[in-house]
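Structural characterization, general
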Amino acid sequence: MSMDTRNQSAEPDRETIGKMCVMAADMCKRSYVPYSGFHVGAALLARDGRIFTGCNVENASYPACTCAERTAFAKAVSEGAHEFTAIVICGCAEDGVFQYCPPCGVCRQVMGEFCSGDFRIYLAKTPQDYETYTLDELMPKRFTPAYLRK
Ligand code: THU
């Protein structure tokens, strides 16, 4: 039996996904990446329809770097959004060529804090060219807030 009692998510329509792909790609231009030169942008869809964007923000003290996905989650939660349907992630090295950029383990854990197993994760090169996964696929058997409740 699933420990996750949150609502299940419907897949966003293609128009919304396309819009989020453009927003995520745009966010790559805002990335602060003097160390890695790797640009990541994210667009996070809240259940209420709002879309929150984020970019990666690096730091001379490397562990203080923030990923694009977590920037988007922090912006969303600070604006009162706690339920999410989908995220689009775009990433490119200095050559500017987008690759399918999967979220790191820490970002997957943050997704697991707020999102149900069918939360959609789109790894986009363009609005027409992306891979789709669910959180369950990318992070099975994750530690969720449900374990702390008795
Ligand atoms: N990065 C992200 O922004 N998201 C991920 O999920 C993977 C990695 C960033 C962190 C760092 O600024 C750069 O990519 C290289 O690791």
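Placed above this text is the structure.
Conventions used here
- Residues numbered from 1 in each chain as written.
- Predicted model: local features only at pLDDT ≥ 70, side-chain atom pairs only at ≥ 80, totals over all residues.
- Heavy atoms only, no water.
- Helix = DSSP H or I, 4+ residues; strand = E, 2+ residues; numbered from the N terminus.
- Buried < 20%, exposed > 50% of the residue type's maximum accessible area, 1.4 Å probe, protein only.
- Near = heavy atom within 4 Å.
- Polar contact = N/O pair within 3.5 Å; in protein donor to acceptor, adjacent residues only side chain to side chain.
- Areas by Shrake-Rupley, 256 points an atom, 1.4 Å probe, with all protein chains shown as cover.

1. A look at unusual backbone geometry
- Even without being a glycine, Lys141 presents a positive backbone phi close to 55°.
- In this fold, Lys141 is placed in the segment after helix 4 (135-138).
- Residue Lys141 is classed as exposed on the basis of its relative accessible area of 78%.

2. So, the site of the ligand
- For the ligand, the full set of nearby residues is Ser36, Phe38, Val40, Asn56, Glu58, Cys67, Ala68, Glu69, Pro102, Pro103 and Cys104.
- At 2.5 Å, a side-chain N or O of Glu58 approaches an oxygen atom of the ligand.
- One nitrogen or oxygen atom from the main chain of Cys104 is found 2.8 Å from an oxygen atom belonging to the ligand.
- Alone, the ligand offers 370 Å² of accessible surface; in the complex the protein occludes 78% of this.

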